[in-house]
Every structure is written in C-alpha cells, then in structure tokens.
Amino acid sequence: MSTRTGALDALVFGVDVQSGDVRGDAPSYALVIFDGETLERDVVSRRKLRRLIDSREPAIVATDNMYELASDKDELVNVLRELPAGTKLVQVTGDERPEPLSRVAKRHGVPYDKQPMAEAEAAARLAAGNVGYEVSAFTDTTEVKVARGRSTGGGGGFSEDRYTRRIHGAVKTTAREVESDLDAAGLDYEKAVTEKYGGYANAVFEVEGRPADIPVSEHRNGDTRIEIERLQRDGIEFRPLAKRRDHVLVGVDPGTTTAVAIVGLEGSVLDVYSTRTDDTAAVTEWIVERGRPVVVAADVTPMPNTVEKLRRSFDAAGWVPDSDLPVDEKQHRTREVPYDNDHERDALAAALSAYDDHEDQIDRIAAKVPPKAEVGPIVADVVAGEHSVESALAAREDDESDDEAGETSHEPRELTPEEKKIRRLEARVERLESHTEDLKDTIASKNDRIDEYERKLERARSEQRTEARKRREVTRLERENDRLQRELEDERERVEDLEGKLERLKALWKLDHSNFADVSEKREGLVPVKIVEKFTTEAIRDADERFGLASGDVIMFRDATGAGRSTAERLADIDPRLVLRRGGLSDASDEVLFEQRVPVADAEEVTVQEVDELAVAREREVDAAIEEWNDWVAERKRERNQQMVDRLISEHRASDRGES
C-alpha cells in the first residue's frame, strides 16, 4: 500500500455488479467484506446487500463506479439517504472523471483481475487504504424540525381553543428542549419559528453538523413530532477520502484578487480558491495544506514575479504557455469544472494546461515506478529536480537503505572534489540518457504518425484518382446519354409526324367513303360493313359520330346481348340493310327488329374482313343472309297465322258449347 495513506481498521464493503442490470429488478452483486486482515466473499441480491449494510454499518461501501448501485442521479440520492449515519459511499477510481480500476489498483499495488469478485476486492482494499473519493449528495447542514403531532381541528372532550393552545404549547416546550440540547453539544445553528396561539406551530433548526453529530433523534409523541433531514446539495459532490499532501500541480492567477487551483498528478481538480485579502504567506499556507507542488503554472508569459516567487519557495518546476492563453481556450478547458469567478478560471486553466503538457511524461514515469513505490516523489525529482527516473529511484532506494541502517551505520565520509564531479557527471549522463530515450520515443512516435499520414495521403490520392476516373466516365456517359436523348427525340418527332400523316389519311379516307358506297362500285362483289362494339344506345351513338350510320348499311355488333326495346327501336330508325350479330338477341329487341322488318343474321354466316375500324363482306353472302331471314320471317308469319286460326277455332267451339 502507498505510504501516503494509512490503512483503516474499520469495516469496508467492496461491491461490484455480478450479473443483471442495475436498471432491472434483480441485479446481483459480488460483495467483499474487508476488516483490514480478513476477507469475506459472497454474491448477494440488492435487498440482501442493503440489509447487510444496515445491520453491520460498515465505515465504507466502496465501488469502482457509483452508478453500479443506482441507475440514475435520483436513485443515487436515495441510496445515499438510506445509508447508516456512519457509512460513506466511496468511488475508488476518482471523482467526476474516474480512471480505470486496473490503473488505480496497479498504482497502489493492489491485486486486480477483471472479474466481479476480484474488482470488488480491489475496491475494498483501495478504500481501506484511504484511496478514492467520498460521494456526497448532502451538505453538512441538518434540518431539525419540531412540529405539531396532530391536527388542531378538534379537541375531543376539550374546547377547540384549549386544545389548540395545548398543542402549540407542547411544540414550544419541545423546541426549547431541542435548542438546549444543541447548545449543550456546542453546535452552531439558526432557528426559525412560526408562532401561533399559545406557542409555536413549528420550529426549524438548521444545524451545522451531520445527523450523527446531533444529540436529538426523530420521534412522534402525541402532540409533537421531530423530523431530522440533511439538506441536499444541488448536485453530487466528491471529497477526497483522506486529506494528504500529495504531489500536485498548482495554477496561480495573481493580482488584486489572487486565485489558486490545485490539480492532482492524475489530472483531477482537487481544490480552487480566490482571495482579495490574504497575503502571500496565507496563500502559501493554503497550498501547503493541500499538497506538495511539482509544477507552478501561470496562464500568461513571461511568468509574473509573484508566481515566480511562489515557484522558488516550493522549489518546483515552472510552466508558462508559448503565448498568453486566450479566453475561449481557457473557457473550453475548464468547462467541466465549477468555479466562482474569472480569476479562479484562469488559475484552473493554467494548472490544467500544465498537466496536459506533462501528462505523457508523468505516465512514462509511472510506468517505470515499481507498483509499491510512490509515483509523486519520483515525478517531483524528475520534473522539478531534473533527474532521470532511474537516478531518482536509486536515490530513493539509497535513502531507504540509510533509514534501515539507522544508528548502526557509520557516518559517510566527505567526497573529494573529483568524486563530486564524477557524481554530477554521472547524474548528467543519466539525465541525458533518459532525455535521449524520451527523444527516441518521440521520434518513433512521430515517425509512426508520419507513416500513418503518408498512408492516409496515398489513400487520399488513390481515392482522388478513382474519383477523377469516375468523373471522366460520368462525363462521357452524360455526353452519350445526351446524344441518345437527342436521337430519341428525333425519332419521337418522326413517329409523331407519321402518326399525324396516318390520322390525316384515315380522316380523308373516311370523308371520301363516309357511306362506303364507293367500295361496292370499285370492287364488285364486296359490301362495306360498319363495326359497332356493343348493342347499346351509347355504342350506336359513338359509332354514328365517328363514321356515320346510314340507311342501307350493313352493321355488325361484336356483342349483341343485353339490348332493350329502346335500343332496338333506335337501330330500326337507321333502317340498316342487314344486322350481323355475335351473341343472342333479347326477346324484346328481337321482337322490335322483326316488327320493323330489319333483317338479322348470325355473324358466323357472313365472312367479314376487318382492317382497323374498316370492314367488308361478300355481296352474295349478305344477300343470302337477307334471303334466309326473309324465309324465316315468312315461316314465322305462317306459324303465327296458324296459331291465330287455331285460337279462333278453339274460342268458337268453346262459345258453341256454352250456348248449348
């Protein structure tokens, strides 16, 4: 364990999620209970973990992430509220910007394995060594409220006035007792009372102290009740588990208002303050109470005299930027850190910028320091004392050997000037070798970056060449597409011209042959046929509008079914020579055409040749169809006459039988 911290003898719970989800209903936890010597391990539910905390009241509940015990901030506040008075929740990996648990464990020489139980043990051991930050959602101010224990709306057997006066008097008496207990305990507090008829309606004490420090307990006793509650902060606060003088980086902003910021070697902000009244000695004392400066930094260049004097007093390294830090850069660097004024912001920006400059160096030093050795003193020797890591470690080992020898060791002899010179030269050689290694690492890193940039450049060039080829190909295809589009437009225009010519020719032909009379004259033996799609009034009207229907025409219906009496009468009014049909006629239409002497024949009996909307049929087949229809009409008339004669005879006979 680091010599900077002393181990606790109190009970510590180390906790890590074993399985499940904290946001779920039933996560299980790996629990390690550590008392400084012995370890107890168990896997428990959330409910059992809370029962164990309540019953055993550990000094610390330690975890690598506070949100393993709560799914959000509100639930975390409830967890902190339910902890026993003497129990702290500790996040061992840092404050708002925690480090990986593996790194913290390695730095403090604590065994670590990426398993829940091993992580819980590492958290317990680290917290027992005072490593980490206490998580707090409450201030150190506690509100003690004395109030009425029952309503004043009625007094049972008493009159209302007497009942109310008695309750208010009891509240006042209890408030005085609480005030006396607080005075006896020497606690600072502020009191606010609400006076009512006969005494107090309530009395509120804001006490500077935690509930465990207050000699008053919650209770409800008839007429009065006492409630105790810690005042909640606006957010979550992190406090270092142990006040210790670690090696730190210090940022200073001098002037009428002096501001100082303290940053740890891991980059976390430890403290910040500003003053208009404290002198240099008071500022120095404030810094000494919080750490041992390795670097003292300013946000402007050159370093102000006040900051330079502080740096010399601590024998620390100095840091200034290449040029004065601009305001927007300082605001960006301190955006996640609370501060009260611009002076504190400037001090924070100086300290954090100094850390940014030394971060890689500190990490390299930490990597070379043995696990159980302190990193801070070695960083101080290397950064401020300009030693190499190896010489600083060797000097520490020599110091420890001398301490172990104690009084039994002999007094070291005075070195000769030559030996002193050799020592100085050896130290210089070590520093130069260390610096050479750092430069080699820097060169290697930069070479790697150059190689990476060259690879990126080559990829970019290749992508550019590919993109150029694509652009050329796209341009070629666009030109080809434009050419084809022009050809297509030309072809469409030609087709439109031909279609226009065809329509004009059809119109002229129809105009010259509107009644198809010329066909029979020009081609003996053929007769024109006019095609109508359906035997409907609308279809007949449409055909009449398109090519005209006249008396003596041969008309063919592609579908003759469904025609009614009115449609048949319209057709009869045209007085066609012959009607060819496909499909059967309705009885009504058949009767109308029969009565109007319109010949009808099945289209299958006449050969019709169609070209678009034009058609012709053989004259002899048309005449044959008409002749056949006339024969059918004569036969149908004879049948009707016979039927009529038979009906008359039957009626006559029936009348004779009636007279007889």
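Residues numbered from 1 in each chain as written. Predicted model: local features only at pLDDT ≥ 70, side-chain atom pairs only at ≥ 80, totals over all residues. Heavy atoms only, no water.

K.L.:
Where do I start with the overall build of the protein in this structure?
P.N.:
For the protein, the count of helices and strands is 17 helices and 21 strands. Taking all 660 residues of the protein together, the buried fraction comes to 38%. Contacts in the protein between residues at least 24 apart in sequence constitute 62% of all its contacts with a sequence separation of at least 6. For the protein, the exposed surface amounts to about 39000 Å²; the carbon and sulfur share of it is 45%. (Helix = DSSP H or I, 4+ residues; strand = E, 2+ residues; numbered from the N terminus. Buried < 20%, exposed > 50% of the residue type's maximum accessible area, 1.4 Å probe, protein only. Contact = heavy atoms within 4.5 Å. Areas by Shrake-Rupley, 256 points an atom, 1.4 Å probe, with all protein chains shown as cover.)

K.L.:
Help me out: how do you make sense of a negative patch on the surface in this one?
P.N.:
A contiguous patch of negative charge on the surface is contributed by Asp490, Glu493, Glu496, Asp497, Glu499 and Glu503. As for its position among the elements, Glu496 is in helix H12 (residues 417-512). (Patch = residues over 30% accessible without salt bridge, like charges linked within 9 Å, V, L, I, M, F, W, Y side chains within 5 Å. Salt bridge = Lys/Arg side-chain N within 4 Å of Asp/Glu carboxyl O. Lys, Arg positive; Asp, Glu negative; His and termini not counted. Charge placed at Lys NZ, Arg CZ, Asp CG, Glu CD.)

K.L.:
Hey, could you run me through the sheet that holds strand S12 (residues 258-264) in this one?
P.N.:
Strand pairing within a sheet occurs via backbone hydrogen bonds; the two strands may be parallel or antiparallel. Read across the sheet, 5 strands follow the order S13-S12-S11-S14-S15 without closing on themselves; strand pairing throughout is mixed. The open sheet is flanked by strand S13 (269-275) and strand S15 (317-319), the only strands paired with a single partner. Within the sheet, the average angular offset between the axes of one strand and its neighbour, ignoring direction, is 25 degrees. The sheet contact formed by S12 and S13 spans 6 bridges and is antiparallel. Pairing of Val260 across the sheet is with Tyr273, part of S13. The strands touched by helix H10 (residues 375-384) within the sheet are strand S11 (247-253), strand S14 (292-297) and S15, with S14 carrying the most contacts at an inclination of about 40 degrees. (Pairing = 2+ DSSP bridges. Axes fitted to C-alpha atoms, helices over the stretch in contact; angles between N-to-C directions.)

K.L.:
Sorry if this is basic, but what is going on with the nonpolar core here?
P.N.:
Across soluble globular proteins, nonpolar side chains have a tendency to be buried as a group. Residues Val295, Ile365, Ile378, Val379 and Val383 are the most contacted members of the largest nonpolar core, which totals 30 residues. If you list the elements that add at least two residues to this core, you get S12, S14, S15, helix H9 (342-368), H10 and helix H11 (389-405). Element by element, the count of residues in this core is highest for H9, at 9 residues. Not counting the four nearest positions on each side in its chain, Val295 is found in contact with Val248, Leu249, Val250, Ala316, Ala317, Gly318, Trp319, Ala354, His358 and Val383. Membership of the second largest hydrophobic core comes to 28 residues, among which are Leu11, Ala70, Val77 and Val135. (Core = buried A, V, L, I, M, F, W, Y, C linked by side-chain atoms within 4.5 Å.)

K.L.:
Any chance you could explain the pattern of salt bridges here in plain terms?
P.N.:
Two side chains that carry opposite charge are able to pair once their charged atoms sit near each other. Under the defined criterion, the tally for this structure stands at 42 salt bridges. Asp299 is the salt-bridge partner of Lys330, the closest N and O atoms lying 3.1 Å from each other. Placement of the pair is Lys330 in helix H8 (residues 327-333) and Asp299 in the loop between S14 and helix H7 (305-314), with a sequence separation of 31 residues. Side by side, Lys330 and Asp299 carry an identical accessibility label, which is buried.

K.L.:
Explain unusual backbone geometry here, please?
P.N.:
Across the chain, the bulk of peptide bonds are trans and the bulk of non-glycine residues have phi less than zero. Of note, the amide linkage connecting Thr301 to Pro302 takes the cis form, showing an omega dihedral of 0 degrees. Within the fold, Pro302 resides in the loop between S14 and H7. Although it is not a glycine, Asn130 sits at a positive phi angle of roughly 65 degrees.

K.L.:
Is there a simple way to think about the side chain of Asp299 in this case?
P.N.:
With a relative accessible area of 4%, Asp299 lands in the buried category. Among the polar contacts listed, one links the side chain of Asp299 to the side chain of Lys330, at a separation of 3.1 Å. Each residue touching Asp299, except ones within four places of it in the same chain, is listed here: Asp253, Pro321, Asp324, Leu325, Lys330, Asp346 and Ala350. (Polar contact = N/O pair within 3.5 Å; in protein donor to acceptor, adjacent residues only side chain to side chain.)

K.L.:
Is there a simple way to explain the packing of aromatic side chains in this structure?
P.N.:
How two aromatic rings sit relative to each other is given by the distance of their centres and the angle of their planes. The final tally for this structure, using the stated rule, is 5 aromatic pairs. Judged by centre distance (4.4 Å) and plane angle (25 degrees), the rings of Phe535 and Phe557 are stacked. Linking Phe535 in the loop between strand S16 (526-534) and helix H14 (537-547) with Phe557 in strand S17 (residues 554-559), this pair joins segments that are 22 residues apart in sequence. Both residues of the pair, Phe535 and Phe557, count as buried. Ring geometry for Phe594 and Trp632: centres 5.8 Å apart, planes at 80 degrees, overall edge-to-face. With a gap of 38 residues between them, Phe594 in helix H16 (residues 587-595) and Trp632 in helix H17 (residues 619-659) connect regions that are remote in the sequence. Residue class for Trp632 comes out partly exposed when judged on its relative accessible area of 38%. Here the aromatic residues Phe594, Trp629 and Trp632 are joined through ring pairs into a cluster of three or more. We note Arg636 situated over the ring of Phe594; from NZ or CZ to the ring centre the distance is 4.2 Å. (Phe/Tyr/Trp six-rings, centres within 6.5 Å; stacked < 30°, edge-to-face > 60°. Lys NZ or Arg CZ within 6 Å of the ring centre and 35° of its normal.)

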